[in-house]
Amino acid sequence: MKTLKDRKTEALSLGFQESGFQEAVWYPEQVDSSLFEFAGNDITDAERVGFSNYSYWRSTLRVFLRSKTTVGMLIFLACVLLFTVVQPYIPNQKSPTTIHLNPQTNIQYRNVPPNEEFWFGTNNIGQDLWSRIWSGTRTSLFIGLCSALVSNIVGIALGSIWGYARKWDSILTEAYNVFDNIPYTVLRMLLIYIMRPSIKTIIIVMCMTGWIGMSKYIRNLILIHRDREYNLASRCLGTPPTRIVVKNLLPQLISVIVLQIALGIPAAIGSEVFLTYIGLGLPVDIPSLGNLINEGRKVMLIASQRYQIFFPMLAVSAITISFYALGSSFADAADPRNHK
Amino acid sequence: MTKKWTSLIMVLALLLTSASAALAQTGPTIDSGAATTVENMASEQVVKQIYEYEISEWNPLVPSSATTWANYIDSLVEYDNYGMCQPCLAESWTKSEDGLVWTFNIRPGVKWQYSNGEEYGVDVKAVDWVTTAKYILTPEHAARTADLLYVFEGAEAYYDALSRGLPGDWDAVGIRALDDYTLEFTLTKPLPYFLSMLTYNWGYPTNAEYLEELGDRFGTSHDTFLYCGAFLCTEYQPESYRINTANPLYWDKENIHIERIEYQYNAERSTLEPELLLRGETTYADIPTSQLDAWINDPVRSALIRPSRPSGRSYWMLFNFWPNFPEQYDRENWLIAANNINFRKSIYYAFDRLAAVSTSDPYNPESFIMRTVTPVNFAAAAGKDYTQLGDLAAISNTDQHQLDRALEYKATALEELTAAGATFPILIYMPYDTGGTNSTERAQVVEQQLERDLGVDYIDIILEGYPSTDYLNVTRRAGNYALMESYWGPDYADPETYTDPFAIGQKYNYIYMADGYGEKTTLEDPEGRLGFDGDFWKNAVYDKMVNEAASEVIDIEKRYTALANAEAWLIDQAFIIPVGALYSTGYVSSHMNPFESQYSLFGMSGDRYKYQVVMAKPMGTEEYLEKMEIWEAERAARIEAAQAAGIDY
Amino acid sequence: MVIVISVVFCLMRLLPVEGYFGSRSDAMNEKVKQQVLTQLGLLDPWYTQLLKFWKNLILHGDMGKSIVYRTGVPNAEIIASKAGYSLGFGLAALILQKLIGLPLGVLMARFKGKFLDKLGSTYILLINAVPEAVYFLMIQLYVSDFFHWPMLHKAGNSMSYLLPVICLALGGIATDALWMRRYMVDEMNKDYILLARAKGMTSSAVSFKHVMRNAFVPMAQSLPTAIIFTISGSLYVESLFSIPGMGGLLVTAIQRQDNTLVQAMVLLFSAMSVGGLLLGDLTMMLCDPRIRLAGKKESR
């Protein structure tokens, strides 16, 4: 059973990527005739061998960086990433797990609203929320990145073999059917029970279920492209299959893949929230966005303690939005049709 | 494209700020003008409760806990609001000189009824208890309480025979119906606390004809067993609601004041319950510790809450003598340290239980701390509370948290352990249950408090979280810890019940394996008892003390003092550090008066609604403390009077 | 499916057995524990257990009885009573979702780049950025307080049906609106639309006669799956509003180690996804005369 969030993410990913293609498609009525001039016949031009200084990656980068929002988002994300990494090394930062005691009374600083000492306030036993949120972001991003990368690499590899090598088709189809038919929740829960919740476990669990959808997707795309003329030509010329897959097919899919990885990170955070909700997330002494949100939810009904849910939520929202936006801009940029 | 995103972000930012502004406002306010009648009794006697765990077992004979049927089926005896044993379905009883044979006279005229209140057509008779016992003692029914019946003559042999496929001899089992209204129990040895054991599943009668009639379908839902209690479960929809209606045919109707009990299911009970109480959708709410500050500091809300009543559960920190934790944390080193009494004592004296208990109740942790294994008010002899008897008095009356003494012991331990070849810091592997917020917080508090006070060069506590499901199995019961928190709840009304976890064969902290506190032996040794690791052990010092104490069954004062001495020894050796009666929540808001309800820390009596009324307003802290004091005095007086008169209670 | 169930079955066997003893786990006699496990059939070798399960299922159509969740009650009965609730709420939410989501998408496409479009996009983004667990709770708290509706669902109280349905639909509305908007924008630039426009059709006529009809085909394919999967319910909504639906059943069944119930549910979900795909293809064929079943040779 996919959770609602999973299904949503999938639907969204489709939505974003296709809308991406669409947005930049060239509208006939926008053609500006001043950009065109009649080309005369020129013998030297005709003799020149077709050559352009077009470099795929450079163009992609150029188109990608053309949008100011994208650049802004990129800088924002880079800052967040950088800060999550360096935050613990900045002087005067509190440890995310230290319980702060009031030196006079020796009583914990419980539920202190945000002030200049505790920028985001403290939680129920006097731990600093500011450092917990950064530490949580670090954990969650790490989980997200790892699981998105691994499950996509595995998914792409298997998907390519599945789509390209006919011999493997039936075996992999069977394997896919088995995995896809076990509700994800069952698989995830059982794996966590067997392995015990820890960062490693959560990553493994997410990878175990993450590659399934990706490999199916890649397989279908490869099936579409596999028997196109240029690939037939390559094959006739004796190009080995691995080379065809790596050089001819995968570049076609690069935008899709990047988008999937970008969406995989917020999706991983979403599933982590879900796992925490059913009691199988990371223990609270390893802060993560999932358990910070879950902790915050418990006090949401209390007006004066709502900051405890607001800040973690803000972090999740900001990360989710920027990954969505960046992913779809990059998918646009990676589409050669948008390289003008 | 660019514009779209920019504007989107801006709108979003705007929305988030407005959302935060909305967040800053106060939540729904409560109607403080609730009408208070003179006697503070609600006009409508309806209890409304939220529950988060659905009843998974409707068959009263199978599970390990009998609470579900507390209000549906009556037992032989029950407890009053001072915890004194009262006749229930047994009108009276006698016990033989040697204390082995107990005879109960069953109340005549009690009807068996269906869940809708219709009569089944048969009265409750003595033979119904025999039916129950026979059902539980048949292995094929997989009853979880079969071993509780081993106190009866011939019961264990009967169960064993059946489980080996041999015919059992039921006539030899000491549970007999002499006639329709006389029931006789024969015990294997005298038990001063036998009456209190009657409030478990086998204290419920079962009608044999109905049981046979339904066969497999017996006890699969609220309408497949027979009722004879104060309430009938008239409506039930799993994971939705359950409605109990007062039984019009109940034999003790004048003590039932509540008309209906409405249970509503909600999986997020702990989050929503306080809000539901404010809106009048429930009459009881646990106030989670995380929300407590806001309640205490709000003048309207703080009047609605009171401390929760400690249960009989006793929590302690355990030193483990059978370490099976991951080898990377150096089991050998831990064993050297754990076997050194000065090391254990340094931790014992450094441990700040007040800080630990604060995670459950930060405002009034004193009322939840425990210095002994047995809680205060559990038992008494010769006019003294059990915790004031013998050597236990000294432990009860002094605070163990003495940092200077801890540091003295630390100095000695450092010396001795270095000589013994231990490496510092001593790694202390401490697992905890990630399922509960409080337990997670407590683990962190304990870790940081001990490390701060004793120094990280001396000890290094390593926390490791395990999920709730199967938590104890992979940790304590597998010896997979060095120091951890665990608990025990009483099974019957005698302090002996609190000695069980430390005996040979128990999966607690295996103190019989400590150097010099027990001997390893073999299967052939008649004295040997199976330890949990598969080896045989004998001569455990603690077991010996307890057995000697428990062999006294006539002179209660002597018995209790000896037991208290054993308990004092256990604590003095610092095998365990008592922590407290930890609740998930230290405060509750309830329309019921806790001092009216039946009081018993074991069995099903405490879950009954007999004697209780619904108040128009929840009880406040002051009123609670006031009534608590009166109640404690009353209870002590009653116990003394009963003991003086030689009445079992 | 046979393999799926067997794999799940074996995985469940890896879990420990302590869940079956309840609160007396520590106090209980070892021999009695062994008896209990024997009687529950848990000490048999795994292949015996597996064989027993399949034999019952095939010979008697029996999915077994729950052993922990609701002891002794047939699994089929448990699932049937819960699925009804989830189906009811899910269908209502699905209708609401289509009724609001699709027109919203159309409108957003019509007013692309205008205020409405931005408002809609913000909504979509917010729904996706804020965790469900958080915004459901907020809706429950504030909306019920504002209108004085009960917070929890109560059978018979019509107002208490409203909020859960709205909550269930919110996510779907966002997905549908996003999809519809994209589809409309895509199609509007296709040649046949240009032709229609060139013929002088009004843009609204084009949207309704051409674009919407075409949009219906992919929707028709996904609709049966969507309907069937409303049975699985939503964990968050059902736990918050006290709806006795299927949402948390799988999670609880696993947590309580009710093996037979888990197997029954896995069986059900597999059947559902296969059935949904088949029905989807069928409906698509009915809606779109160009598609014939004979051409379909896709696996699954």
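What counts and how
Residues numbered from 1 in each chain as written. Chains lettered and ligands numbered in written order. Predicted model: local features only at pLDDT ≥ 70, side-chain atom pairs only at ≥ 80, totals over all residues. Contact = placed C-beta atoms within 7 Å. Helix = DSSP H or I, 4+ residues; strand = E, 2+ residues; numbered from the N terminus. Nonpolar A, V, L, I, M, F, W, Y, C, P; charged D, E, K, R; others polar. Pairing = 2+ DSSP bridges. Axes fitted to C-alpha atoms, helices over the stretch in contact; angles between N-to-C directions. Core = buried A, V, L, I, M, F, W, Y, C linked by C-beta atoms within 7 Å. Buried ≥ 20, exposed ≤ 12 C-beta atoms within 10 Å, placed from the backbone. Expected span 1.5 Å × (residues − 1). pLDDT = per-residue confidence, 0-100.

Re the interface of chain B and chain A
The interface is formed by 34 residues belonging to chain B together with 31 residues belonging to chain A. Take the side of chain B that touches chain A: its biggest share by element is six residues, from helix α1 (residues 2-24) of chain B. When the residues that make up the side of chain B that touches chain A are grouped by side-chain class, the tally is twelve nonpolar, 19 polar and three charged.

With respect to the sheet that holds strand β25 (residues 587-590) of chain B
Residue and element names in this part refer to chain B. Across the sheet, which stays open at both edges, the three strands sit in the order β13-β25-β14 with antiparallel pairing between neighbours. Looking at which strands have only one partner, the edges of the open sheet turn out to be β13 (284-287) and β14 (306-307). The sheet contact formed by β14 and β25 spans two bridges and is antiparallel. Across the sheet, residue Arg306 finds its bridge partner in β25, namely Val588. Those strands touched by helix α5 (residues 269-278) are β13 and β25, and its axis lies near 125° from that of β13.

A look at the nonpolar core
Within the largest apolar cluster, 162 residues are counted, with the highest numbers of intra-cluster contacts made by A:Ala262, A:Ile293 and C:Met265. A total of 17 residues in this core trace back to one element, the largest contributor, which is helix α12 (residues 307-334) of chain A. The residues touching A:Ile293, leaving out its near neighbours within four places in the chain, are A:Val273, A:Ile309, A:Pro312, A:Met313, A:Val316, C:Pro131, C:Ala133 and C:Val134. Of all hydrophobic cores here, the second largest spans 160 residues; its members include B:Ala126, B:Leu195, B:Ile426 and B:Ala482.

Section: helix α17 (residues 621-645) of chain B
Owing to its 3.6 residues per turn, the α-helix aligns residues three or four sequence positions apart on the same side. Between the first and last C-alpha of α17(B) there are 36 Å, a value that for 25 residues agrees with the 36 Å anticipated at 1.5 Å per step. Positive phi appears at B:Gly646, one or two residues downstream of α17(B), with a value of about 70°.

Brief notes about the confidence of the model for chain A
All names here are of chain A. Summary statistics for chain A give a mean pLDDT of 78 and a share of 83% for residues scoring 70 or more. Averaged over each element, pLDDT in chain A is lowest for helix α1 (residues 4-24) (44) and highest for helix α5 (residues 129-164) (88). With pLDDT under 50 throughout, residues 1-26 is counted as low confidence; its partners more than four residues away or in other chains account for 57 contacts.

Examining the pairing of strand β8 (residues 175-179) of chain B
Residue and element names in this part refer to chain B. Here β8 pairs with strand β9 (residues 182-186) via four bridges, running antiparallel. Bridge pairing in β9 places Ala177 opposite Leu183. Hairpin geometry of β8 and β9 is characterised by an intervening segment of two residues between the two adjacent antiparallel strands.

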